[in-house]
Amino acid sequence: MQLGMIGLGRMGGNIVRRLMRGGHSCVVYDKSADAVRGLAGEGAAPSRDLADFVHQLDKPRAVWVMLPAGAITHATIVELADLLEKGDTVIDGGNSFFQDRGYCMMIGGDRDAADHLDPIFAALAPGRGTIPATPGRQGRDPRVEQGYMYCGPAGSGHFVKMVHNGIEYGLMQAFAEGFDILRNVNTPAVPENRRYKLDLADVAEVWRRGSVVSSWLLDLSAIALAEDADLREFSGHVEDSGEGRWTIQAAIEQAVPAEVLSAALYTRFRSRQDHTFAEKILSAMRKQFGGHQEPPKG
């Protein structure tokens, strides 16, 4: 199947590579000519502008927009609206990325369009892997067990993804606070007979292997701590990319208590004024899973 990809950053570029490995063809466009040339060298069809991009796509066209949320995505879709035709499909991509395990996808929009693009989603999804089947799921949509889900009308997929990322804030905060407690047990604030000099990299590693808190976020923490247990590369300044805020706004609108998620978001705000080791853990996890860099000092 053919897909057009607009936005060839880390996420967009790797989606194109994964699709081409799965036997699909891709037409690519990015304002960076170097990014376009790079993927053209790997087998994608390059385009010089949006008009050329659309011209190369077979009808009905399928276009995936993988750009930062906000004005640039809006402007691109407005420009595309003048170039596309009835029956074409535009996918407004999320911003999650996991290079080796595929992409857990939550899809919203017209059901016919989603079904038409199912081969694309199936190629990007992680597959069942070694995760055992959940008892009682007989008769339900089997695609969910492959790592992608049709959620409903336009907007529903983004809503589910938004809440997913809000939960992620809370999980990351729990790990960050836990490792901060482990580190500070060896400080003068603790009576000398109860101080322990713990190897945090080894703690993270043993927790990965059969503990109740084993998870991908713990995997990322273990990687960062193995590289440098003091996380000297990180200041602890933690940005937020919007999903946490939007999840809290949704909770307020629905009058749903969200104490943990709210506290996790506010901690990120505070980290820009005062940093602890916990915030270094948060910053390290963000770099591991999305390549997020701390802002330059000064």
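Keep in mind that this is a model prediction, so the values were computed, not measured.

**Observations regarding the overall build of the chain**
Here is step 1 of the chain: The secondary structure content of the chain amounts to 12 helices and 7 strands.
Here is step 2 of the chain: Its C-alpha atoms put the chain at 75 × 55 × 40 Å along the principal axes.
Here is step 3 of the chain: The buried share among the 298 residues of the chain stands at 43%.
Here is step 4 of the chain: Residue pairs in contact within the chain that sit at least 24 positions apart in sequence constitute 68% of those at least 6 positions apart.
Here is step 5 of the chain: Just so you have it, the chain exposes about 16300 Å², and 55% of that area is on carbon and sulfur atoms.
Here is step 6 of the chain: Side chains of the chain carry 32 positive and 38 negative charges; the gap between the two charge centres is 3 Å.

**Notes on the packing of aromatic side chains**
Here is step 1 of the chain: Tallied over the full model, the rule gives 5 aromatic pairs.
Here is step 2 of the chain: Geometrically, the ring pair formed by W64 and F121 is edge-to-face, given 6.5 Å between the ring centres and 65 degrees between the ring planes. A residue pair is termed long-range when its members are at least 10 positions apart, and W64 in strand β4 (residues 62-65) and F121 in helix α6 (residues 118-124) qualify at 57 residues. Each member of the pair, W64 as well as F121, is classed as buried.
Here is step 3 of the chain: Where W216 meets F289, the ring centres are 5.9 Å apart and the plane angle is 50 degrees; that geometry is what we call tilted.

**Comments concerning the pattern of salt bridges**
Side chains that carry opposite charge are capable of pairing whenever their charged atoms lie near each other.
Here is step 1 of the chain: Taken as a whole and assessed by the stated rule, the structure comprises 20 salt bridges.
Here is step 2 of the chain: Put simply, D115 and R143 hold a salt bridge, and the shortest N to O gap is 3.5 Å. Residue D115 is located in helix α5 (residues 111-116), and its partner R143 is located in the loop between α6 and β7 (148-152); the two are separated by 28 residues in the primary sequence.
Here is step 3 of the chain: A relative accessible area of 37% means that D115 is categorised as partly exposed.
Here is step 4 of the chain: Note that K287 and E233 form a salt bridge whose closest N and O atoms lie 2.2 Å from each other.

**Regarding the confidence of the model for the chain**
Here is step 1 of the chain: Summing up the model confidence of the chain, the mean pLDDT is 92 and the portion of residues at 70 or higher is 97%.
Here is step 2 of the chain: The low-confidence segment residues 96-100, where pLDDT is below 50, has 15 contacts with residues more than four positions distant or belonging to other chains.

**Remarks on the pairing of strand β1 (residues 2-6)**
Here is step 1 of the chain: Where burial is concerned, most of β1 is hidden: 5 out of the 5 residues are buried.
Here is step 2 of the chain: On β1, burial covers both faces: Q2, G4 and I6 on one face and L3 and M5 on the other are all buried.
Here is step 3 of the chain: Of the strand pairs in this sheet, β1 and strand β2 (residues 25-29) are connected by 5 bridges, and their pairing is parallel. Within the sheet, the bridge partner assigned to I6 lies in β2 and is Y29.
Here is step 4 of the chain: Handedness of the β1-helix α1 (residues 10-21)-β2 crossover: right-handed.
Here is step 5 of the chain: Examined bridge by bridge, β1 and β4 share 3 bridges and lie parallel to one another.

**Some points on the side chain of D180**
Here is step 1 of the chain: Inspection of the secondary structure assignment puts D180 in helix α7 (residues 156-184).
Here is step 2 of the chain: Notably, D180 is buried but unbridged: the nearest opposite-charge side chain belongs to R183, and the N-O separation is 5.3 Å.
Here is step 3 of the chain: The residues contacting D180, other than those within four sequence positions of it, are T276, F277 and A278.

Quick notes on the rules
Residues numbered from 1 in each chain as written. Predicted model: local features only at pLDDT ≥ 70, side-chain atom pairs only at ≥ 80, totals over all residues. Heavy atoms only, no water. Helix = DSSP H or I, 4+ residues; strand = E, 2+ residues; numbered from the N terminus. Buried < 20%, exposed > 50% of the residue type's maximum accessible area, 1.4 Å probe, protein only. Contact = heavy atoms within 4.5 Å. Areas by Shrake-Rupley, 256 points an atom, 1.4 Å probe, with all protein chains shown as cover. Lys, Arg positive; Asp, Glu negative; His and termini not counted. Charge placed at Lys NZ, Arg CZ, Asp CG, Glu CD. Phe/Tyr/Trp six-rings, centres within 6.5 Å; stacked < 30°, edge-to-face > 60°. Salt bridge = Lys/Arg side-chain N within 4 Å of Asp/Glu carboxyl O. pLDDT = per-residue confidence, 0-100. Pairing = 2+ DSSP bridges. Right-handed = clockwise from strand over helix to strand, strands pointing away.

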